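Breakdown of the fold
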Amino acid sequence: MTRKNLFSINLDDESVIDTEAFVLRRENSALSAKREQLSEELSTALHKTIKKSLLRLLPTLLGCGLGVLLGSVAFETFESKEVFPAILGVIAGFLFVGGIVYGVINGKKQKANEDKPDEGMEELDKKYEAFNAEVKRELGIPESAPQVDILTYMYSPEDKTTKTVYSGDTTNVFIEDGKLCFWYGEAVIGFPMSEIEALVKVNEPITFEGWMPDDPHDSLKYAQYDIEKKEADYDEQYTMKGYYSLRLTHEGEPFELIFPLFDAETLLGLIGREIIEE
């Protein structure tokens with residue numbers, strides 16, 4: 001039986017599908033406007049950071065580029081006239097070596113400054129923290145609600161190939177009026193506990209983008225889950241040896257929510273079910 005992942009995102013219009021029937025409440029228009037404003041501020045801040053990084057690289061690129069260019073001119077002169085222009089060669093070498101040295105020194109400075117907070121990003125983090133607290137109050141999210149990671153299915157209706165990579169995200173989970181609820185973005189999504197069929201451990205590898213926990217994937221805390229990291233198309237992807245499928249049926253239609261292995265205890269504590277091995 002094919003089940004729909006409750007958290008699935010249409011990449012063409014960035015909409016989350018299969019959740020409308022489960023939406024209990026949404027943030028108000030004022031909060032939505034503030035969310036959009038913060039998103040624009042974040043985009044601007046990231047562009048500034050990228051621009052600064054490129055400007056730091058500019059002397060290295062110019063030095064090495066000019067060095068190579070002058071060096072090629074010097075060798076072409078030597079081949080045609082059989083006289084090597086020593087001054088040109090020295091300048092070329094100086095520029096190339098100078099560019100490399102500058103890049104190494106600048107790289108060390110950047111590494112030394114990695115732990116120093118960027119004032120602009122630090123201020124933006126505070127704004128997001130205050131905004132999330134406001135949203136949680138508006139949506140009635142309990143302060144004690146634990147967080148769990150979810151694996152969201154990303155798809156494009158225009159692309160007929162099967163997607164095998166999920167996206168990692170974080171949500172608060174809690175029980176309200178007999179429903180299992182999740183705070184996901186601007187909405188609270190929930191369904192009756194009576195609709196839950198089982199929490200199934202699926203012993204098949206799963207790949208996802210984005211590592212959400214505070215501790216790194218290769219820390220001792222996650223050693224038992226055999227999580228592997230790899231670079232793919234400038235993105236970080238992680239492969240885990242299995243996952244949990246929280247399965248439910250809503251109005252006769254089968255759904256599932258997919259969670260990483262390390263969130264089992266949190267889920268079990270809320271739903272009070274045993275894990276079924278598939």
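Provided above is the structure to which this section pertains.
All values derive from a computational prediction rather than experimental measurement.

This brings us to the side chain of Glu27. Looking at the secondary structure, you find Glu27 in the loop between β4 (23-26) and α1 (29-81). In this structure Glu27 comes out as buried when scored by relative accessible area, which is 7%. In this structure the side chain of Glu27 is engaged in a polar contact, spanning 3.1 Å, whose partner is the side chain of Ser32. Here Arg35 takes part through its side chain, which lies 2.8 Å from a polar atom of the side chain of Glu27. Residues contacting Glu27, with those up to four places away along its chain left out, are Ser32, Arg35, Phe131, Val135, Glu138, Leu139 and Glu186.

Under the definition given, this model contains 14 aromatic pairs. Measuring from ring centre to ring centre gives 6.0 Å for Phe7 and Phe182, while their planes differ by 80 degrees; the resulting arrangement is edge-to-face. Residue Phe7 is found in the loop between β1 (4-5) and β2 (8-10), and its partner Phe182 is found in strand β7 (residues 179-184); the two are separated by 175 residues along the sequence. The residues Phe7 and Phe182 share a single accessibility class, namely buried. Three or more aromatic residues joined by ring pairs make a cluster, and in this case those are Phe7, Phe22, Phe182, Tyr184, Phe191, Phe255 and Phe259.

Moving on, we get to unusual backbone geometry. Positive phi values are uncommon outside glycine, yet Asp226 reaches one of about 50 degrees. Look at Asp226 and you get partly exposed, because its relative accessible area is 47%.

Taken as a whole, this structure holds 9 salt bridges when the rule is applied. Close ionic contact of Arg25 with Glu176 constitutes a salt bridge, the shortest N to O distance being 2.9 Å. Of this pair, Arg25 sits in strand β4 while Glu176 sits in strand β6 (residues 165-176), and the two are 151 residues apart along the sequence. Among the residues examined, Glu176 registers a relative accessible area of 23% and is labelled partly exposed.

With that settled, the discussion passes to helix α4 (residues 264-271). Every buried residue of α4 is accounted for by Ala264, Leu267 and Ile271. One face of α4 carries all of its buried residues, which in axial projection span an arc of 70 degrees. Along α4, exposed side chains directed more than 90 degrees from the buried face belong to Glu265 and Gly269. Considering only its buried residues, α4 is in contact with β7, β9 (196-202), β13 (243-250), β14 (253-259) and β15 (275-277).

How each quantity is defined
- Residues numbered from 1 in each chain as written.
- Predicted model: local features only at pLDDT ≥ 70, side-chain atom pairs only at ≥ 80, totals over all residues.
- Heavy atoms only, no water.
- Helix = DSSP H or I, 4+ residues; strand = E, 2+ residues; numbered from the N terminus.
- Buried < 20%, exposed > 50% of the residue type's maximum accessible area, 1.4 Å probe, protein only.
- Polar contact = N/O pair within 3.5 Å; in protein donor to acceptor, adjacent residues only side chain to side chain.
- Contact = heavy atoms within 4.5 Å.
- Phe/Tyr/Trp six-rings, centres within 6.5 Å; stacked < 30°, edge-to-face > 60°.
- Salt bridge = Lys/Arg side-chain N within 4 Å of Asp/Glu carboxyl O.
- Arc of directions from axis to C-beta.

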